[in-house]
Amino acid sequence: MRRPEPAHPTRTRPRLAVLAGAVAALALAGCTATGAGGAPDALPAVPVATADPASQDPSGAADGAGPDAPPRADGLDGVDADLAARFEAARAAAEAEGVELRVTSGKRTAEEQQRLVDDAVATRGVPEAYRWVLPPESSAHVQGLAVDVGPTEGAYWLAQHGLDFGLCQTYANEVWHFEKLPDGADACPEQHPDSSWGW
Ligand SMILES: [Zn+2]
């Protein structure tokens, strides 16, 4: 696995500033269903460990687990194998530092994603909802290429250390959402302010 050098110190300040804002938003909302940080994406969704394999995307878009793979109890069921391995490495490192890190939402079906969209639109209205959840066709979760992590302390830890494991925080307003460092890159892509780009 690629283990790029930690971000250059000059990148630390803006990243932390963004992080502080996101954490503040999380703290304000208390990770509940209401408030600035209560995005549908942030809800402690039940891991898909018990998902019916028949409901998985048969297209193979998520190469993490074939249709015959047994369900995983760690929230990584159906998640891209490389992403899962990177997360496992990060989780072990966090644990060694006494920080809990777990997946709160990984692979989603298109139907599950659409439900999140519908809920967000109902509770937040448009266009605010679009800042927090993507439609199924552009959601990395539906492709098995994203994990949401928790608890808040764990998300904060991963936002600081994720690059060491090839994991990047994708959205400035979602400290919990991580995707893979693109192949060949030695720094995480510039974060999207929020998910509204995907609509
Ligand atoms: Zn997410």
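Up top is the structure these notes are about.
The paragraphs below set out a description of the structure included in this document. Computed from a predicted structure; not experimentally measured.

## Notes on the pattern of salt bridges
Side chains bearing opposite charge may pair, as long as their charged atoms lie close to each other.
Consideration 1: Going through the model one piece at a time under the given rule, you end up with twelve salt bridges.
Consideration 2: As a salt-bridge pair, Asp82 and Lys180 come within 3.5 Å of each other at their nearest N and O atoms. Of this pair, Asp82 sits in helix H2 (residues 81-96) while Lys180 is found in strand E4 (residues 174-180), placing the two residues 98 residues apart along the sequence.
Consideration 3: Assessed through its relative accessible area of 31%, Asp82 is described here as partly exposed.
Consideration 4: Assessed through its relative accessible area of 26%, Lys180 is described here as partly exposed.
Consideration 5: Of the charged contacts in the structure, one is a salt bridge between Glu128 and Arg131, with a shortest N-O distance of 3.0 Å.
Consideration 6: With relative accessibility at 30%, the residue Glu128 sits in the partly exposed group.
Consideration 7: Given a relative accessible area of 28%, Arg131 falls into the partly exposed group.

## With respect to the pairing of strand E3 (residues 167-171)
Consideration 1: A large share of E3 lies buried, amounting to five of its five residues.
Consideration 2: Where E3 meets E4, four bridges bridge the pair, whose relative direction is antiparallel. When the bridges of E4 are listed, Gln169 appears paired with Phe178.
Consideration 3: Between E3 and the antiparallel strand that follows it, E4, lie two residues.

## Notes on the nonpolar core
Consideration 1: Counting 22 residues, the largest nonpolar core has Leu101, Val147, Val149, Trp157 and Leu158 as its most contacted members.
Consideration 2: Elements supplying a minimum of two residues to this core: H2, strand E2 (147-150), helix H4 (152-161) and E4.
Consideration 3: Once you skip the residues sitting within four places of it in the chain, Val149 turns out to touch Phe87, Leu101, Arg102, Val103, Thr104, Ala155, Leu158, Trp176 and Phe178.

Reading the values: the criteria
Residues numbered from 1 in each chain as written. Predicted model: local features only at pLDDT ≥ 70, side-chain atom pairs only at ≥ 80, totals over all residues. Heavy atoms only, no water. Salt bridge = Lys/Arg side-chain N within 4 Å of Asp/Glu carboxyl O. Helix = DSSP H or I, 4+ residues; strand = E, 2+ residues; numbered from the N terminus. Buried < 20%, exposed > 50% of the residue type's maximum accessible area, 1.4 Å probe, protein only. Pairing = 2+ DSSP bridges. Core = buried A, V, L, I, M, F, W, Y, C linked by side-chain atoms within 4.5 Å. Contact = heavy atoms within 4.5 Å.

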